[in-house]
Structures are given as C-alpha cells and as structure tokens.
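Here is how the chains run, residue by residue.
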4 protein chains.
Amino acid sequence: MPSPSPRWRRQKETRPADIVRAALDVFSEKGFAGARMEEIAARAGVSKGAPYLYFPTKEDLFAAVVRDVVQPNIDPMLQMAAAHNGALEPLFRAITEHLGHTVETTPLGRVVKLVISESQTFPEIARIWHDNVLDKALGTVAALIERAQQRGEVRPGDPRNHALTIVSPLLVGVIFQETFVPVGAKPFDLSALIKQHLDTVLPGLLLEKTTQ
Amino acid sequence: MPSPSPRWRRQKETRPADIVRAALDVFSEKGFAGARMEEIAARAGVSKGAPYLYFPTKEDLFAAVVRDVVQPNIDPMLQMAAAHNGALEPLFRAITEHLGHTVETTPLGRVVKLVISESQTFPEIARIWHDNVLDKALGTVAALIERAQQRGEVRPGDPRNHALTIVSPLLVGVIFQETFVPVGAKPFDLSALIKQHLDTVLPGLLLEKTTQ
Amino acid sequence: MPSPSPRWRRQKETRPADIVRAALDVFSEKGFAGARMEEIAARAGVSKGAPYLYFPTKEDLFAAVVRDVVQPNIDPMLQMAAAHNGALEPLFRAITEHLGHTVETTPLGRVVKLVISESQTFPEIARIWHDNVLDKALGTVAALIERAQQRGEVRPGDPRNHALTIVSPLLVGVIFQETFVPVGAKPFDLSALIKQHLDTVLPGLLLEKTTQ
Amino acid sequence: MPSPSPRWRRQKETRPADIVRAALDVFSEKGFAGARMEEIAARAGVSKGAPYLYFPTKEDLFAAVVRDVVQPNIDPMLQMAAAHNGALEPLFRAITEHLGHTVETTPLGRVVKLVISESQTFPEIARIWHDNVLDKALGTVAALIERAQQRGEVRPGDPRNHALTIVSPLLVGVIFQETFVPVGAKPFDLSALIKQHLDTVLPGLLLEKTTQ
DNA sequence: CATGAATGAGTCTTCATTCAT
DNA sequence: AATGAATGAAGACTCATTCAT
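Residues numbered from 1 in each chain as written. Chains lettered and ligands numbered in written order. Predicted model: local features only at pLDDT ≥ 70, side-chain atom pairs only at ≥ 80, totals over all residues. Heavy atoms only, no water.

Q: Describe the side chain of Asn-161 of chain B, naming the residues involved and giving the relevant values.
A: Along the polypeptide, Asn-161 of chain B turns up in helix α9 (residues 159-179). On the basis of relative accessibility, which here comes to 6%, the residue Asn-161 of chain B falls in the buried class. At 3.2 Å, the side chain of Asn-161 of chain B forms a polar contact with the side chain of Gln-196 of chain A. (Helix = DSSP H or I, 4+ residues; strand = E, 2+ residues; numbered from the N terminus. Buried < 20%, exposed > 50% of the residue type's maximum accessible area, 1.4 Å probe, protein only. Polar contact = N/O pair within 3.5 Å; in protein donor to acceptor, adjacent residues only side chain to side chain.)

Q: Could you give an account of the interface of chain A and chain B, naming the residues involved and the relevant values?
A: Contact with chain A, which involves 49 residues of that partner, is made by 50 residues of chain B. Between chain A and chain B the total buried area reaches about 4300 Å² when both faces are included, carbon and sulfur atoms providing 63% of it. On inspection of chain A and its partner chain B, the count reaches zero salt bridges. Summed over the shared surface of chain A and chain B, the result is 18 residue pairs in polar contact (both at pLDDT 80 or more). (Contact = heavy atoms within 4.5 Å. Buried area = accessible area lost by both parts, 1.4 Å probe. Salt bridge = Lys/Arg side-chain N within 4 Å of Asp/Glu carboxyl O.)

Q: Break down the packing of helix α5 (residues 75-82) of chain A against helix α8 (residues 123-150) of chain A for me, citing the residues and quoting the values.
A: Residues and elements named next belong to chain A. Between α5 and α8, the least distance of the axes is 10 Å, while the angle of their chain directions is 15°. When the axis of α5 is compared with that of α8, the two are roughly parallel. Like other packed secondary-structure pairs, α5 and α8 cross with a definite hand, here left-handed. Here Leu-78, Ala-81 and Ala-82 of α5 lie close against α8, whose contacting residues are Asn-132, Lys-136, Ala-137, Thr-140, Leu-144 and Arg-147. (Axes fitted to C-alpha atoms, helices over the stretch in contact; angles between N-to-C directions. Parallel < 35°, antiparallel > 145°, perpendicular 65-115°, else oblique. Left-handed = near helix turned anticlockwise from the far one by under 90°.)

Q: Run through the relation of the copies chain A and chain B, naming residues and quoting values.
A: For the pair chain A and chain B, the best superposition has an RMSD of 0.1 Å and corresponds to a rotation of 180° with a translation of 0.0 Å parallel to the axis. With respect to symmetry, the two chain copies, as superposed, fit the operation of a two-fold axis. Relative to the rotation axis, the closest C-alpha in chain A is found at Ser-117 of chain A, a distance of 1.8 Å. A symmetric contact is evident, with 100% of the interface residues of chain A recurring at the interface of chain B. (Least-squares fit on C-alpha atoms with pLDDT ≥ 70 in both.)

Q: Talk me through the interface of chain D and chain C; I want residue IDs and the actual numbers.
A: Tallying the contact residues gives 50 residues for chain D and 49 residues for chain C. Summing the contributions of chain D and of chain C, the shared interface buries around 4300 Å²; its carbon and sulfur component is 62%. Here chain D is connected to chain C by zero salt bridges. For the pair chain D and chain C, the interface holds 17 residue pairs in polar contact (both at pLDDT 80 or more).

Q: Hey, could you go over the packing of aromatic side chains for me, with residue numbers and the actual values?
A: Where two aromatic rings form a pair, the distance of their centres and the angle of their planes describe that pair. Going through the model one piece at a time under the given rule, you end up with 28 aromatic pairs over all chains. Summarising the aromatic geometry, the rings of Phe-176 of chain A and Phe-180 of chain A are spaced 5.7 Å apart at their centres and angled 50° between planes, so their arrangement reads as tilted. Both residues of the pair, Phe-176 of chain A and Phe-180 of chain A, count as buried. Here the aromatic rings of Phe-32 of chain B and Phe-122 of chain B are separated by 4.4 Å at their centres, their planes lie at 80°, and the arrangement is edge-to-face. (Phe/Tyr/Trp six-rings, centres within 6.5 Å; stacked < 30°, edge-to-face > 60°.)

Q: Before we move on, can you summarise the environment of Gly-204 of chain C with the specific residues and values?
A: Looking at the element boundaries, Gly-204 of chain C is found in helix α10 (residues 190-205). Classification of Gly-204 of chain C by relative accessible area gives buried; the value is 16%. Each C-alpha atom, one on Gly-204 of chain C and one on Phe-55 of chain C, is 49 Å from the other, the two residues being 149 residues apart in sequence. When neighbours within four sequence positions are excluded, Gly-204 of chain C is seen to be in contact with Arg-155 of chain C together with Thr-200 of chain D.

Q: Which residues make up the relation of the copies chain D and chain C, and what values go with them?
A: It takes a turn of 180° to lay chain D on chain C, together with a shift of 0.0 Å along the axis; the resulting RMSD is 0.1 Å. Comparing interface residues between copies, 98% of those in chain D also sit at the interface in chain C, which points to an isologous, same-surface contact.

Everything listed here is a matter of coordinates, which is why it stays silent on function.
Following this line, the structure appears as structure tokens:
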C-alpha cells in the first residue's frame, strides 16, 4: 500500500478546523445543550469519536468555537482603534462600518448570540468574552472619547455611556437578526442603520470644530 | 406505590404563581436545558409532581414564565405610547425612563435575556415575543416618529432605524447587565445611561423648537 | 337542610357497582396497567378518591371486576351440569348454547380476555379463575364424560381432552372476538359456530344408541 | 458526565438477537407494561442503554420479539399447507402435529399468549398478527376445506367454522398452558390431545372413504 | 362522607464519553 | 490514529395513593 495521499494528509490537518466549523453551525442552530456531539461529528464528516481527539469535552469544543472567532475579527479592530490619534468621526464611522461588514460576512454575529445565550451555562466563557472583547472594546472607545473630551471635542458625560450610544444599535441589530429574523421578523439593513444612526447622533456628540 | 409521609396545605390559588416565580429564578440561573423541574419544584416549596398539575410540560412552564411578565409590564406601555399625541421628547423620556425603572424593579430584564437565550430552542416563544412585544413596540414608536416626520418635527430617515437609535442603549444595557455583570462586569447605571443618551441624541433627532 | 333525598341514597348504594362497571370498561379497553384510576372514577361519575372508599387498591378493584362476573354467570351453569343425569347431547348443546348466549349478552367474554391478558401480572387472579372456573368446569364436564364412558355412551379417551374437543371452538371464538375483531377481523357467528361444531363432532364422540 | 468503568466486548452481530431473547423472557414473565428495559438489558448481559442502539423504543423491541418468531415458525407451515393437493386427513394431522411440536420446542406459544395479552395496548401488533398469521392461516385451511367440499370430501358447512373445529383445542391448550399451568394447573399433553381430538373429529368431518 | 390537590417512587429515554479493535 | 459499539448517569414525566378540607 502506498503512503497516505496528500489529499488525505490535507484533510487530517484541517480536521480540527472542520470540526469547529461544524460545531459552530450546530451550536448556533440548537444551542449548547441541544447540540449533539454525534451531529457535529457527522457534519464535519468525521467519526463520532474524532472530536474527542482534539477537544476533551463538549465544553472545550464550545470554548474553541467562541475563541476562534475572536482573534481574527476583533483584535485587529481593537488595535486599530487603540492606535488611533486623529479625528473621531471617521474612526467611529470606520469601526462601525467594519463591524457591520464583519457581522454580515463572518460568523461573528452568531457567536455573539451564542455567548449571550449560553452565558448562564458557561460563566467562564462569558468572563473570557467580557475580559477579552467587551471590556477591551468599551475601554478602548471610552479612552478615545475621554481624550477627546479633554481636547474639548466631545460632549461631557460618562465615556462608557457615550460608547454605548455609538455602538448599541449595531449590537441590537445583530441580536435582532440572530434572534427574531429566523422566526419571521423583518431584517434590518445593518449598513443603512449604522449610517443613519451616526448621522443622527454624531452631531450631538461631537462638539463644534471636531467634525474635521 | 404510595408515599409514606405527605404533608401539604391546599393552596390551589397561589401554587401556580409560586411555581412560575421559582421557575423564572431557575431558568434565569441555569437556562432552560439546565433547569431541573425538581429544583423548580423544590424552590417553590412543592413536590416533584406538583408543577405538572398546572403545566403539562417543562416547555409550557417556560412559556408561562415568559408570558406572565409581558401582560403587566409591556402592554400598558404600548397603549400609553399608541395613544400619545403631544410632543415627542417628553414621551420618549417617559417611555425609556419607565422601561428602565421596570427593568430594575421587575423580572422583565431576566425574561428578555431568557427569550434571547432560548430563542433557538423555542422558536415559538421567539415568535410570540416578536409579534406581541418587539414588533408592536417598534411599530408603535416608528409610527409616532413617522407622524412627527410628516409634521416636520423629526429628522428624515427610516423610522424603524430611528426607533433603534432611541432604545438600543437601554436594551444593550439590560443584556449586558444580565450577561456580563454576573461574571464581574462593572454594571451600567441604567437611569444615567438613558438620560445621557437622550440628552445626546434627541437634539440631533428632533427638529425645530423641540431641540434642547 | 333536608335529609338526603332517596335518589341520592340510591346513588350511594349503587356506587361500588357503578365503579366496578366503569372499571371493567376501562380495564377492557386499556388493560390493567394502562387503566388509570382517575379515568375509572370519571366514567363512574365519582370523584378521584371515591374508588378508594370501596377498594383499597387498583388490584383489589381489578379482582372485584373479575370476581363479580363469575358468580352470576358461571356458577349456575356448573351446578346445572353437575346435577345432570340424562343424555349428554342435549346437555352439551344446552351448555354451549347458554355459554355462547352469555358471552354475547354479558361482559363474560371481556373478563375472560382480561384474565388471560393479565394472568402474568396477577397470578392470584389466574389461580382463582383456574380453581373456581376452569378446573371446576373442566372437572364437571370430564366427570360427566367419564360416567358416560362407563355406560358405553362415549368414545374412549382422556375425558379432559374430550372436554376440550367440545368447548374449544367457543373459547377460541371468544378470544378471537375480543382480540382481533377490534382491529378489523371478520367476526365469527358464535351460535352458528357452536351448532356446526357440535353437529360435526358429537356423532364421532357419542357412541351408537347414545343419541337419545 | 462520563462513566468510570466500562467493560465490554464488541458483539454487534449477536447483540440484537440476545436482546430480543431476553426481552421475550421478560415480556413473557411480566407483560409489556411490567417489563423493565433495565431488566431486559441485564438479562441480555448488556448495559441499560444498549437495547436502544438497536430498538428505538420499548414498543419497537416488543414488536421485534413478536415479529422474530413468526417468520421461521409460521410461514413455512402456511406455504406447505397452501401448496397441498392430496388427501386432507394426513395434511391436517401433519399440520397440527407440527404446530404442537413447534409450540413445545419454540417460543411460539409464549408469543401467541403475548399477542393476545397485549392486543389492547398494541392494536398495531394485533393487526399484524391477524393479517399475517391468523387470517392467512384460517384462510388457507378454509380454502383447502372448501375445495374438498366441492369434491364431496368434506361435510357441508362454513369452512371457517370447520377450520376452528380442527385447530381450536390446540390453541386452547396453548393458552391454557401459558396462562394457568404457571399457577398450578395440570398441563395438557398437547400431542395426545391433538391425536385424540383428530381421531374423534375427522370421521365426522371427512366424508366418503376417508372415514376411518 | 366525599373531594381533589398534593405527593413521590418508578421508568423510559438521551447522549457525552470511553476504549476495544 | 480512527472508529463506532457500548456504557450509565441524569432527568422529564406518570399515576397510584393519601389526607386536609
């Protein structure tokens, strides 16, 4: 018999990722408790035991699903924002538009929904998301705002609250999308929502000459 | 096979409410799948079988939990809003403040979280919430905005998007509260958040003499 | 308040019988395990607890159902047969026809079916039926046959076997009726079956001049 | 939550048969409702969950028990009978003797009893038995008799009734065996019963030179 | 006496996880 | 390494029976 073909080797190497992808699908559709490991395995095209070669427990697999979506999608944005120095308006527009785009083209939205849904069952995951995503994001934006306030470019007021003022409609849109659109709700056009929201809100948030 | 030591008082009147209350607690803490009927019964101070005297299945009990919080908390607000005719600003402030207060003094927030969390598992409940709560609420606010737009009192733009601009921070605050505060997040002061948000946003949303 | 009306007193006095009747119906339809005490009570038009005023347990009620049909239907027949002295043929015809008639006009057939069905679960009832009904009946007929054999009126052979030769089609007809007719089987005409069977069998069983 | 001490050998081939065998035993002893899946599993030497690998529900397992005994035991006999062309007497003797032997050496008798016992609970099984076993068997024998009647070899009369005349004692014997012998009844010698019965009955049933 | 709310033991069934092959 | 048969803990739900009213 010949040695394993490259094709087969390739499959072997992508297995964990295949499993994570399948797991995201099933977790999204059924929730953590409703997802059956056997179905995840089947959707990934592997045997029932295979997931356990890479993930000790169902919880670990869930954690991997949640973790794997953060690094590539969230971290770059945070770094971009943290490094920002110029005017706020274009940054806010860039960030929210990028976020909206990411939500529409990656599983980020489904994972956000998953994290919210299963936070009771997995406080650890809620904590990780809070520490690595939300708190960081809120903190970054709040810090930007605070600096701008000191420069007199942003309205006074709690910077964290201001941060929510900016990003909340996007978050609500995402949650609405994932929660109610599947049962027949009329979807929001996220891009249009973001644009209209910022057009409405930024004039009241940014003071005078701030609008570059 | 009979039981050896039953001891109970007849309480047909209050039992169902007791059970629903206990169920809300346990569902909130553990999620639907993680909640054990026996624990719900125990917390309600009744026997394992008692909940089944009033609710045929765990799902029905869950539905009752979700339903029981809507009628008294949501419907009055919607009616108030629908009947409104005068200036928008005081109405928006009244509604959001009332909502914020309701969230802080009733289980509404936990139920919202529950509905979002379990929407995959119970599309029926998601649908009911959408039809009876969200769509109605969004529709009511959007209708108010539309009328005001025709009177030239509100900025042009999609009324549903404007509605999200107004209420999103409150929703996000609630979800944040229920999802991340239990794992250590710094809570938002909902009242302050709402006030600051409206102070920031309303000037850009409302035209003419309404502004400020 | 007046004293209980006669009508109400009458009801009270027939209650146990009402309950037994309802129990027979439900046991017949659902089997012992499938019969719910609450349904029996409901069909008898009494409260859920009422049957327990007359029958300590479900088993006791079942025993009462089975017992109550024997006395009036079986015993007289056995006594008649035991007291018989004349020619066998008319007796056999009389007994089987009477049995057939009883099966068609009383719950006897359903009880027979019930006893057979639940004999595993209630060996005690199987024993009672065996001792008080079957063994007595078989013994009585076998004794008649044996005496007739000694007079040279009946073919040689084991009298118990001869007894089965005579009554089996009736029993099989009853069981068939209760078991398979409800699922669509073509019913037997028990009277015709009995007559044809005896016409066929008796000439071979009874010797020469026996045929009165 | 995992199991701490599993210890098993792979036996996919024989497992289902083992389980069906154990199930037949337990169903026979306790009836359908009284049989516990765990006991069936234990008797088959497998874990509590193993039966569900092969049979989705207790009912399906019951159906398998009933089904598995028909094919090998009943169908060959029916085909033999249907193909028959010669004299009736040897065929009837062969069939009944073969049936008697089958009942004594296979679980057929217990299954017949089971089908009768549980027919209320499982009308579907009663129907299957009726359609595939009883109606076929009765039909086959009745058809044989009818043809013989046209040749003047069998007494006039409804052929189905005649069929009962022939096989009833065997059926009653089987039911008696399964129902009352366990509680102390004196068993019948089925072979002797059949022989004596046919010796008594056939002369009256068959005409012409067949008669003794 | 009669009622029916309440009890709780008992059982089917699911599914994450293990490990012989 | 990979497979999938096997395990067994866990939980929803039923219903005979009790007894406060």
